Amino acid sequence: MKRISNISKYIVGAGMIILASCKTGGDVNVNPNQSPNALPGFLLSSSIQYLGGVSGAGATTNINAFTGNLYSQYLAETFYTNESLFSLKQYDYQGYYTGPLKDLKTIIDVNTDPTKKDQEIVKRYGSTKNQIATARILTAFIYLTITDRWGDIPYSQALNGKANFSPAFDAQKDVYTALMKELDEAQAQFDGGAFFDPQQDILFGGDATKWKHWANSLHAIMALRLSKVDPATGKAEYAKAVAGGLMSSNSENAVYAYLAAQTNENPYYTNYRNRYDYAVSSLVVNTLTNLHDPRLSVYAAPTAAGTYVGLPYGTYGDALGDYNQGTRSKPGNISLIGTAVSGQASPTVWTSYAQIMFTQAEAAHLGWIVGGDGVAADYYKKGVAASLEQNGVTPANENTYLAQAAVQFSATTAMDQIMTQKWIAGFLGNGWESWAEYRRTGLPKLLDPVPGSLSPGQKIPRRQQYPQTESDLNTANYNAVIARQGADALNTRIYWDKQ
């Protein structure tokens, strides 16, 4: 884990100014090739790209991070087992604050500054309202990721520069309230005017409607997260999200598109260049095999014997000697990740239409939307079909799969079916989200406790510990948050985690 200096981790500085001892024409401290003005389009694309994990920080801060997908037991580690056995406890969130959150705040600041917002260099990226709304939505998504990982976090006092080097921690309950308000207001802020072009909006290709529907879908996800801690508020907030309009098809998926270039390639492809640290877990392989699921050949690569075999999650020590992951060209006796989802340009889906259909299915099952289990069954079927379509399954195979008794919706096993299919659909997408849903519901049944792991009780972590810099440099606020939230430990439950 990286440590930082006494400079606040919530400020992106301009850098150290190097004073030249002599100058011969012009200021050597000014880059003539760099614009002196903030360029909202580039700040947006940079923020999205950071979350894609192409900056070398993919193990901890990108949305389809190795850690999130290990906690969700989609993968198992083949050699270094630090993260799957939870020996790493402290994770650093400074990069979120100094990178995309600061950039997005700059977009908002520029578009609310009367001296800057009407400049042609700002207006070229879209209307003022559209730029602000987009930045607010992506900011909310990032803060949602942070708070669901750590719990109480710096929020209301963060990003204030030298005005506050030691921001207090906001309670997660308050962060959730603020983020749902942000999403609700932002989706209503779009004015139908000019928008970012696809070169800047590398998430939704310059489509403001998709941003609006994503905002409402995130709002619905957050509302459902309150199902056990505050169901009345959750139900009311869910109604707001649905009224605004949710994702309506796979064409509205929040997709991060990697490129066939080493500077912006899928991080799992990068790992498979020469390390092969990850294999598909036996839980994934066995679950899909038992359901005769056509996504198995998409998610997993065949072994040398032409079969699909997963690596049991948490395998370590001498037991690893029984397994050989092999390479792409020479497979071993366990399945590597399928090339369709780990190729150099394989995209990753941060939020999917399938996920939202399963969210709707659960809401109907809970009575949050009208129709009860009859409507829940319809949304469940739509979620399964959307995931199959997303993964290239043909309509004929889709119908065969859905016709199986084990797949058909049953009111008596509704939650288990909904959450299992939701988990399957989320493979190598947003691992942090799948981990959050497991903590909320306890479904699907993961290996928990994990024998040999180093977390309290060998249980799957309920949160991640704050970076060391908080206790070292923000001591008073750090002490206050652990007094309120609980010990800074992996087994401390966050606000909504009441299962």
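Every value quoted in this text rests on a predicted model; they were computed, and no experiment measured them.

### Concerning the packing of aromatic side chains
In the structure shown here, the tally under the stated rule is 32 aromatic pairs. With a centroid separation of 5.7 Å and 80° between ring planes, the pair formed by Tyr-71 and Phe-86 is classed as edge-to-face. With Tyr-71 in helix 2 (residues 66-71) and Phe-86 in the loop between strand 1 (75-77) and helix 3 (94-112), this pair connects stretches of sequence that are 15 residues apart. In terms of burial, Tyr-71 and Phe-86 fall into one category: buried. Ring centres of Tyr-97 and Tyr-143 lie 6.1 Å apart, and the angle between their planes is 70°; this geometry places the pair in the edge-to-face category. Within this pair, whereas Tyr-97 is found in helix 3, its partner Tyr-143 is found in helix 5 (residues 128-150), the two being separated by 46 residues in sequence.

### A word on the nonpolar core
Membership of the largest hydrophobic core comes to 130 residues, with the highest contact counts inside it found for Trp-211 and Trp-214. Top contributing element to this core by residue count: helix 5, with eleven residues.

### Some thoughts on the pattern of salt bridges
Where charged atoms from two side chains of opposite charge approach closely, those side chains can pair. With the rule as written, the count across this model stands at 20 salt bridges. Arg-225 is the partner of Glu-433 in a salt bridge, and the nearest nitrogen-oxygen pair spans 2.9 Å. Placement of the pair is Glu-433 in helix 17 (residues 431-441) and Arg-225 in the loop between helix 7 (208-224) and helix 8 (231-244), with a sequence separation of 208 residues. The closest approach of N and O atoms between Glu-437 and Lys-422, which form a salt bridge, is 2.8 Å. On the criterion of sequence distance, the pair formed by Glu-437 in helix 17 and Lys-422 in helix 16 (residues 414-425) is long-range, its members being 15 residues apart. Of the two residues, Glu-437 and Lys-422, neither departs from the other in class, the shared state being buried. Among the charged side chains, a salt-bridge network with shared partners connects Asp-148, Arg-225, Glu-362, Lys-422, Glu-433, Glu-437 and Arg-440.

Scoring rules and cut-offs
- Residues numbered from 1 in each chain as written.
- Predicted model: local features only at pLDDT ≥ 70, side-chain atom pairs only at ≥ 80, totals over all residues.
- Heavy atoms only, no water.
- Phe/Tyr/Trp six-rings, centres within 6.5 Å; stacked < 30°, edge-to-face > 60°.
- Helix = DSSP H or I, 4+ residues; strand = E, 2+ residues; numbered from the N terminus.
- Buried < 20%, exposed > 50% of the residue type's maximum accessible area, 1.4 Å probe, protein only.
- Core = buried A, V, L, I, M, F, W, Y, C linked by side-chain atoms within 4.5 Å.
- Salt bridge = Lys/Arg side-chain N within 4 Å of Asp/Glu carboxyl O.

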